[in-house]
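Structural characterization, general
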Amino acid sequence: MSEDPTVDEERTPAHAAEPSWSAGLHELWSLADSAKDVTVLADRLYDILLGLPGVVAVSGSRWEGTRLAYLRWGTLHSPGPHRRPGRDGEEAAPAHRTPGDTTEITGVPASTLSDPGWPEAAPLAQAGARSALVCSFRLDSQEWARLTLGLAAPDAPQDTAPDAPRDTARETFLRTALRQACEIVIACQRRLLAQRETERRQTIDAFLAEASLQMDATLDAEETLRRVARLAVPAIAEGCVLHLLRNRRLEPVATTHVAAGEERGLTGLTGDAWFQDLLRRVMKSEQPLVLDSTDLEGGPFGPGGRGAALDVRSLSVSPLRARGRLLGTLTFLHQSDRPDAMSAWFLTDLARRAALAIDTCLLYEQRRQDVVSLQRHLLPSGLPQVPGVDLGAAYGVADASLEVGGDFYDVIRARDGEFALFVGDVCGRGAEAAALTGLARHTLRVLLEDGCPPERALARLNTVLRQQKASRFLTATVASCVPDEDGSGALRVRIASAGHPVPLIRRAGGTVEEVTVGGLMLGVFDDAVCRPVTRRLAPGEMLVLYTDGLTEARAQDGTFFETLMPSRIAAAVPPGGGGAARLAEGLVGAATAFRHVGADDMAVLVAGVEGER
């Protein structure tokens, strides 16, 4: 290319440059669709624009409001492109601040570009430009740019001198080319912004999804609170404090900081009056609140703070609301200016997920306590003291669904050393099973207290269930015990069963005997025939009643615990000194450890005659 711009101008008139420019446009649009950064497009754009007739320099500036971010330029003698950042005090000329939504092209003499608001003036002057075409356009809500062509011809277009001689064809061509170039830059910038926004949203969505998985991975309330606090640090914040509303007061329940040693100090800061007032404002408005460094004045954070609070430059507080009720607040502390992630929708979404996870755990814990309380009321608070008899019981909960089980037992002491004991199992779990369990236990208790024999008590219970139109059946074993008249301390035991697992007796010699007794389950047929049997329980011997959760516990190889029960019972210590309780608890503990398959509760009731035979 000739060093004399006027020679190039004569050799390359506007109509001759159009095919070359069309090819360049095609190349630039392809770059705009594929470039990963606008600078890649700008490098090629400057080369192509410098090839247009009469152009001796190309300059581009990018602005953040009125402040110059950077300046790029290239000339015929030094294509570059060259780049420098904006300097302090470089602000846009008043006439070219914050352009509108359309691209406007202005022709100006080079002599008018000496204003400090025109950083393009120096490179254009060095290139010998005598006039310029300037196009300003907006990039987004805050940033805008200016693309300038420096022209060498003395008759270059000058809007300030409309009557001056000019090459109209060339002026029209250059204006069109500059407008098209700016449109390509705008299109590339918008595509890149949209792509970055998509990537940012995908990253945030992935974070929120992972946060949900982590928070929903446990139903332990304390662990969930810790996970909520740990999730954000250091991913989106340097510190996190979680408050829950307890007894109408906000209490810090979880604190995390990138510097582990600062966590305790951070917890102490939450009692600050300024911070408490901030939390109350958020609870009242039920809207997230983000504070920058200028908003932190008067509080424990920022330059006036100590420890972890000293470096805080921004913070956000979001209300925790789930299922129509306020649970507390979630606070993030940042050691930088407000991050992009701290948008209202992100904070609201994250707080909503955290609130749901926390509320689920709190409801689960409340339900667990309710189930434990209900289960406790369905079982006796303790076993009575019967002279010469060692009594023991154990109960094992197998189902983690927090449904009340249907297993029950009790011991009823009567007059003259007589007593009765029973074990039962209602089909299924849940509130309906619990109601039927309570009905069965208390019905049997009243009947046995009145001296009703076991078979008659079971028949009466069956009648009650049929009258109540119970939708579930139950099985039970009842044993009444009367001291033997020979004065040996032995017991005469009358046993009746309604479809329940057979009782076992551990004899004094260590052998285990099954008590063959049968009958139909209760609540199915109108007539329940339970034929009783009688056994003698001598000193040193024990009667073991249990539910099918014990026998049906199954190992991974398919073996049932039922096959191990005789040996376990045979190895038990004789009754007396808590031997019955140790046997009951040992059977439940062994079955729990043995079980790989099975989710049924277990109840064991043991009655042993103290003394040696």
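To keep things clear, this report deals only with the structure shown in the data block. (Residues numbered from 1 in each chain as written. Predicted model: local features only at pLDDT ≥ 70, side-chain atom pairs only at ≥ 80, totals over all residues. Heavy atoms only, no water.)

Helix and strand counts for the protein chain stand at 14 helices and 21 strands. The buried share of the protein chain, taken over its 613 residues, is 48%. For the protein chain, the proportion of contacts with a sequence separation of at least 24, taken over those separated by at least 6, is 66%. Element-wise, carbon and sulfur atoms account for 50% of the exposed surface of the protein chain, whose accessible area totals about 28,800 Å². (Helix = DSSP H or I, 4+ residues; strand = E, 2+ residues; numbered from the N terminus. Buried < 20%, exposed > 50% of the residue type's maximum accessible area, 1.4 Å probe, protein only. Contact = heavy atoms within 4.5 Å. Areas by Shrake-Rupley, 256 points an atom, 1.4 Å probe, with all protein chains shown as cover.)

Let's shift gears to the nonpolar core. The tendency in soluble globular proteins is for nonpolar side chains to be buried side by side. In terms of nonpolar packing, the biggest core is built from 36 residues, with Trp-21, Leu-49, Phe-137 and Leu-147 touching the most fellow members. If you look at the next biggest cluster of nonpolar residues, it comprises 31 residues, including Leu-208, Met-215, Leu-327 and Leu-330. (Core = buried A, V, L, I, M, F, W, Y, C linked by side-chain atoms within 4.5 Å.)

We describe a pair of aromatic rings using the distance from one ring centre to the other and the angle between the two ring planes. For the structure on display, the rule yields three aromatic pairs. Between the aromatic rings of Trp-63 and Trp-144, the centroid separation amounts to 5.3 Å while the plane-to-plane angle is 10°, which identifies the pairing as stacked. Within this pair, whereas Trp-63 is found in strand β1 (residues 55-64), its partner Trp-144 is found in strand β6 (residues 143-151), the two being separated by 81 residues in sequence. In this structure Trp-63 comes out as buried when scored by relative accessible area, which is 0%. The exposure class of Trp-144 is buried, given its relative accessible area of 1%. (Phe/Tyr/Trp six-rings, centres within 6.5 Å; stacked < 30°, edge-to-face > 60°.)

For the rest of this paragraph, the subject is a nonpolar patch on the surface. A cluster of nonpolar side chains, namely Phe-473, Leu-520, Met-521, Val-524 and Phe-525, defines an oily patch on the protein surface of about 400 Å² accessible area. Positionally, Leu-520 belongs in the loop between β18 (512-514) and β19 (533-537). (Patch = residues over 30% accessible without salt bridge, like charges linked within 9 Å, V, L, I, M, F, W, Y side chains within 5 Å. Salt bridge = Lys/Arg side-chain N within 4 Å of Asp/Glu carboxyl O.)

The strand order across the open sheet built from six strands is β3-β2-β1-β6-β5-β4, with neighbouring strands paired in antiparallel fashion. Strands at the two margins of the open sheet, each flanked by one partner only, are β3 (82-85) and β4 (104-109). Between one strand axis and the next, the sheet turns through 20° on average, direction left out of account. Sheet topology places β1 next to β6; nine bridges connect them, and they run antiparallel. Residue Glu-64 lies in a different strand from β6, and its bridge partner there is Glu-143. Running at roughly 155° to β1, helix α3 (residues 38-50) makes contact with β1, β2 (67-75) and β6 of the sheet. Where helix α5 (residues 168-215) meets the sheet, its contacts fall on β1, β4, β5 (131-138) and β6, and the angle it forms with β5 comes to roughly 30°. (Pairing = 2+ DSSP bridges. Axes fitted to C-alpha atoms, helices over the stretch in contact; angles between N-to-C directions.)

For the pair helix α10 (residues 431-449) and helix α11 (residues 454-467), the least separation of the axes is 10 Å and the interaxial angle reads 140°. What the angle tells us is that α10 and α11 run oblique. Relative to α11, the crossing made by α10 is right-handed. Contact residues: Leu-436, Leu-439, Ala-440, Thr-443, Leu-444, Leu-447 and Leu-448 in α10; Ala-457, Leu-458, Arg-460, Leu-461, Val-464 and Leu-465 in α11. (Parallel < 35°, antiparallel > 145°, perpendicular 65-115°, else oblique. Left-handed = near helix turned anticlockwise from the far one by under 90°.)

So, about the sheet that holds strand β14 (residues 419-426). Taken together, five strands build an open sheet; the order of strands is β13-β14-β15-β16-β19 and the sheet is antiparallel. In the strand order of this sheet, the two ends are held by β13 (407-413) and β19, each with one partner. Across the sheet, the mean angle from the axis of one strand to that of its neighbour is 20°, orientation sign disregarded. Judged from the eight bridges that link them, β14 and strand β15 (residues 474-483) form a sheet pairing that is antiparallel. If you follow Ala-420 over to β15, its bridge partner there is Ser-480. Sitting on the sheet, α10 touches β13, β14 and β15, and the angle it makes with β13 is about 20°.

That bond from Gly-80 to Pro-81 is cis: its omega, 0°, falls within 30 degrees of zero. Tracing the sequence through the fold places Pro-81 in the loop between β2 and β3. Of note, Lys-469 is a non-glycine position whose phi angle comes to about 55°, a positive value.

Moving on: α10. Residues that lie three or four places apart on an α-helix share one face, since the helix turns once every 3.6 residues. With 19 residues, α10 extends 27 Å from end C-alpha to end C-alpha; this agrees with the ideal 27 Å at 1.5 Å per step. Ala-433, Ala-434, Leu-436, Thr-437, Gly-438, Ala-440, Arg-441, Thr-443, Leu-444, Leu-447 and Leu-448 are the residues of α10 that are buried. Phi turns positive one or two residues past the end of α10, at Gly-451, with a value near 85°. (Expected span 1.5 Å × (residues − 1).)

On to the environment of Gly-51, then. For Gly-51, the position within the fold is in the loop between α3 and β1. Residues Gly-51 and Gly-24 lie 27 residues apart in sequence; the distance between their C-alpha atoms is 10.0 Å.

Next up on the list: the pairing of β2. Within β2, seven of the nine residues are buried, which leaves the element mostly enclosed by the surrounding structure. Two strands pair when backbone bridges link them, and β1 and β2 are joined in this way by eight bridges, in the antiparallel orientation. Among the inter-strand pairings, Ala-57 is bridged to a residue of β2, identified as Thr-75. Direction of pairing for β2 relative to β3: antiparallel, over a ladder of four bridges. Considered in β3, the bridge of Trp-73 is made with His-82.

Looking now at the environment of Ser-316. Looking at the secondary structure, you find Ser-316 in strand β10 (residues 314-322). Judged by relative accessible area, which is 0%, Ser-316 ranks as buried. Here the alpha-carbon distance between Ser-316 and Leu-291, two residues 25 residues apart in the chain, equals 6.3 Å.

Take the environment of Thr-112 next. Position of Thr-112 among the secondary structure elements: in the loop between β4 and α4 (121-126). With relative accessibility at 40%, the residue Thr-112 sits in the partly exposed group.

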